Amino acid sequence: MNDKPNIVMILTDDQGAWSLGCAGNKEIRTPNIDSLAKRGVRFENFFCASPVCSPARASILTGRIPSQHGILDWLRVGNGDSKNDRKPIEYLEGMTGYTDLLVKAGYVCGQSGKWHLGATGHPQKGYSHWFATIGGSGTYHDADAYRGTERVKTKGYLTDVITDDALSFIDERCDAKDGKPFYLNLAYTAPHSPHVDQHKKEYVDYYYNTCSFSDVRQDPRSMWSLRHPIDIQYSETFCDKSRTHLTMRDLLSGYYAAVQGVDDGVGRICAELKEKGILENTLIVYMSDNGFSCGQHGIWGKGNCTTPLNLFDTCVKVPCIFSYPGHFKEGVTVENLASAYDFMPTLLDLLGLKNPEGEKLPGRSFAPLLRCGKDEAYRDSVTVYDEYGQSRMIRTKEWKYIHRYPDGPDELYDLVHDKDELFNLLDENRFFFYGPDFIEQKAAEMRAMMESWFACYADPVRDGKDEPVMGRGQLGKLEDVHGKDAFYPAVQVEYQRSGK
């Protein structure tokens, strides 16, 4: 047996923390993920670093905030995935990822699924096994991918294809005679859009015909919601051409079906680890890159489905489960706040590895929470931060403040009395409840804390508050281009159905 555990990192795409049975959703079917939570520690308040995929994934991998690594929006170009794309760009070149450190410690690293951090056809960050889907999203049927440096056409339902590749990597490592532990990055594209006419019919039909979707709050349409939200428009692009329109029931049924497809994959992975006799020596992490609103706050999508870009909890709070039988507490739900930028220091701490750049990074290890299920040092002291371009957030257990550079609109929420973030106190100043001047003083206090923190970690060359991020994609490295040349402008309609 290896003296260090094998590691399986299961990373989903656009999954809200609310969309699991173990998180209280009574209709979605996720028995395998729920079982993983019963065998480990589930975080009730785990936050991504940015509510869109590429920046969030880069922060998980490097421990840097977006304004440190310079990926501030999803990567529209530089992936090398189309004839019209610019040359491939390795956006994280020269930045240490935890997989670089794992390889130095003797691990063999495998990538199965979504990458979307640039130069997709070029294995990076120490990975010796490389199966990466094209771009950030697309069809779930017979999708293109890179296997190593070769572009290939896959066959079948993409979630299953990704699982198959992950299983082949596990089998390969179990058959190897080198005695090295492995790290697997199992990165699903699900439940990212498209959501309609893309997922397993028996699952879609079940949810469409039997569910009330009462666990998904449906608020009145937000005044910030785009006329054609990007994820709905994307579903229209790939749905059956006989459809004249999409309903919320169509979208929710597809979203739930996509999550259940991931749950099937989790079950297959755990069964294989058990069959190979290595389940007890494997650390399994389940996480999503960013959250997703399915009607909450009157929006459909993530941080880029509104103008201005939003940082609602439904978009920044993500599932997070750690399971390592015999080493972590089991069946524990942790209420403490933690962030994706804490993941790298936690993983390295668990393995007894050092990061030479660790003192320059914002994260802290939450390993004590995994081993003990609680930690007094975390109880009151942890504040999490988030960013998406010129929008920045500071959040404690009781309060949340969002500041938008250069001139708002800003938001302040009392999470004790308004956990669903329905009343922006900067719009609706309820003096009768809080008293004169309290709201302004609280906002000023939190803004000062927020700006002090970002001043410690943001790289002036990559600082998002100075860049016109519109949620429609990044066009190059910030070291090379800035301003309007670095980000695609906002448009009302991004995708169009063929034949229309």
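Residues numbered from 1 in each chain as written. Predicted model: local features only at pLDDT ≥ 70, side-chain atom pairs only at ≥ 80, totals over all residues. Heavy atoms only, no water.

1. Quick word on the overall build of the protein chain
Helix and strand counts for the protein chain stand at 14 helices and 16 strands. Radius of gyration (C-alpha) of the protein chain: 21 Å, near the 23 Å computed for a compact globule of 500 residues. For the protein chain, buried positions account for 63% of its 500 residues. If you take every contact in the protein chain between residues at least 6 apart in sequence, the share linking residues at least 24 apart comes to 72%. Each charge class in the protein chain can be summarised by its mean position, and for the 58 positive and 71 negative side chains these summaries are 3 Å apart. (Helix = DSSP H or I, 4+ residues; strand = E, 2+ residues; numbered from the N terminus. Rg over C-alpha atoms; globule rule 2.2 N^0.38 Å. Buried < 20%, exposed > 50% of the residue type's maximum accessible area, 1.4 Å probe, protein only. Contact = heavy atoms within 4.5 Å. Lys, Arg positive; Asp, Glu negative; His and termini not counted. Charge placed at Lys NZ, Arg CZ, Asp CG, Glu CD.)

2. Some words on empty space enclosed by the protein
Across all of its chains, the model carries three cavities of 30 Å³ or more by this definition. The space that makes up the largest cavity amounts to roughly 120 Å³. Elements with a minimum of two residues in the lining of the largest cavity: β1 (6-12), α2 (53-62) and β7 (182-187). Per element, the largest residue contribution to the lining of the largest cavity is three residues, and it comes from α2. Split by residue class, the lining of the largest cavity holds nine nonpolar, one polar and two charged. (1 Å grid on protein atoms, 1.4 Å probe; cavity = no way out; pocket = protein on both sides within 12 Å on 5 of 7 lines; lining within 4 Å. Points joined across faces, edges and corners; volume = space filled by probe spheres on them. Nonpolar A, V, L, I, M, F, W, Y, C, P; charged D, E, K, R; others polar.)

3. A short note on the packing of aromatic side chains
A complete count under the given rule lists 31 aromatic pairs for this structure. Here Trp 18 and Tyr 256 contribute two aromatic rings whose centre-to-centre distance is 6.4 Å and whose plane-to-plane angle is 45°, an arrangement assigned as tilted. Linking Trp 18 in the loop between β1 and α1 (31-38) with Tyr 256 in helix α8 (residues 248-275), this pair joins segments that are 238 residues apart in sequence. Grouping residues by exposure puts Trp 18 and Tyr 256 together as buried. A ring pair is formed by Trp 399 and Phe 438, whose centres lie 5.8 Å apart and whose planes are at 50°; its orientation type is tilted. In this pair, Trp 399 is assigned in strand β15 (residues 399-404) and Phe 438 in helix α14 (residues 438-457), connecting sequence segments 39 residues apart. Among the aromatic residues, those joined into a ring-pair cluster are Trp 18, Tyr 206, Tyr 207, Phe 213, Tyr 255, Tyr 256, Phe 292 and Trp 300. (Phe/Tyr/Trp six-rings, centres within 6.5 Å; stacked < 30°, edge-to-face > 60°.)

4. Some points on the sheet that holds strand β13 (residues 384-388)
Pairing within the open sheet is antiparallel, and its four strands lie in the order β13-β14-β15-β16. If you trace the sheet from one side to the other, it starts and ends with β13 and β16 (411-414), each paired once. The sheet shows a mean angle of 10° between the axes of neighbouring strands, direction not considered. Two strands pair when backbone bridges link them, and strand β14 (residues 391-395) and β15 are joined in this way by five bridges, in the antiparallel orientation. Of the residues in β15, the one forming a bridge with Arg 392 is His 403. (Pairing = 2+ DSSP bridges. Axes fitted to C-alpha atoms, helices over the stretch in contact; angles between N-to-C directions.)

5. Observations regarding the side chain of Arg 462
Its location among the elements puts Arg 462 in the segment after α14. A polar side-chain atom of Arg 462 sits 2.5 Å from a polar atom in the side chain of Asp 459. A distance of 2.8 Å separates the side chain of Arg 462 from the side chain of Glu 479, its partner in a polar contact. Setting aside residues up to four positions removed in sequence, Arg 462 forms contacts with Pro 66, Ser 67, Gln 68, His 69, Gly 70, Leu 72, Met 95, Leu 478 and Glu 479. (Polar contact = N/O pair within 3.5 Å; in protein donor to acceptor, adjacent residues only side chain to side chain.)

6. A short note on the pairing of strand β8 (residues 282-288)
Counted residue by residue, β8 has seven buried out of seven residues, so it is predominantly covered. Here β8 shows no split at all, with Thr 282, Ile 284, Tyr 286 and Ser 288 on one side and Leu 283, Val 285 and Met 287 on the other all buried. The pairing of β1 with β8 spans seven bridges and is parallel. Among the inter-strand pairings, Met 9 is bridged to a residue of β8, identified as Val 285. Note that β8 and strand β11 (residues 320-323) share four bridges and pair antiparallel. If you follow Val 285 over to β11, its bridge partner there is Phe 322.

7. As for the pattern of salt bridges
One pass over the full model with this rule turns up 34 salt bridges. The partner of Asp 144 in a salt bridge is Arg 151, with the nearest N and O atoms 3.1 Å apart. Judged by its relative accessible area of 38%, Arg 151 falls in the partly exposed class. Connected via shared salt-bridge partners are Asp 13, Arg 57, Lys 114 and Asp 289. (Salt bridge = Lys/Arg side-chain N within 4 Å of Asp/Glu carboxyl O.)

8. Describing the packing of helix α6 (residues 201-210) against α8
Two elements in contact, α6 and α8, have axes separated by 8 Å at closest approach and are oriented at 130°. Between α6 and α8, the angle is such that the two are oblique. Pair α6 / α8 crosses with right-handed handedness. Listed contacts from α8 to Tyr 203, Val 204, Tyr 207 and Tyr 208 of α6 are Arg 249, Asp 250, Ser 253, Gly 254, Tyr 256, Ala 257, Gln 260, Gly 261 and Asp 264. (Parallel < 35°, antiparallel > 145°, perpendicular 65-115°, else oblique. Left-handed = near helix turned anticlockwise from the far one by under 90°.)

9. Notes on the environment of Ile 439
Within the fold, Ile 439 resides in helix α14. We classify Ile 439 as buried; its relative accessible area is 1%. In sequence terms Ile 439 and Lys 276 are 163 residues apart; their C-alpha atoms lie 58 Å from each other.

10. A word on the confidence of the model for the protein chain
Reading fine detail from the predicted coordinates is not recommended where pLDDT is low. Summarising the model, the protein chain shows a mean pLDDT of 93, and 94% of its residues fall at 70 or more. Segment residues 492-500: pLDDT under 50, and 22 contacts once partners within four positions in sequence are set aside and those in other chains are kept. (pLDDT = per-residue confidence, 0-100.)

11. Considering the sheet that holds β1
If you walk across this open sheet you meet the ten strands as β6-β5-β4-β3-β7-β1-β8-β11-β2-β12, and the pairing is mixed. The strands lining the two open edges of the sheet, one partner per strand, are β6 (150-153) and β12 (332-339). The average angle at which neighbouring strand axes cross in this sheet is 15°, direction not considered. Relative to β12, strand β2 (residues 41-47) runs parallel, the two sharing six bridges. Paired with Arg 42 across the two strands is Thr 333, which belongs to β12. Across the sheet, helix α5 (residues 158-175) lies against β3 (108-113), β4 (127-133), β5 (144-147) and β7, angled at about 175° from β7, the strand it touches most. Contacts from α8 reach β1, β7 and β8, with the element oriented near 175° to β8.

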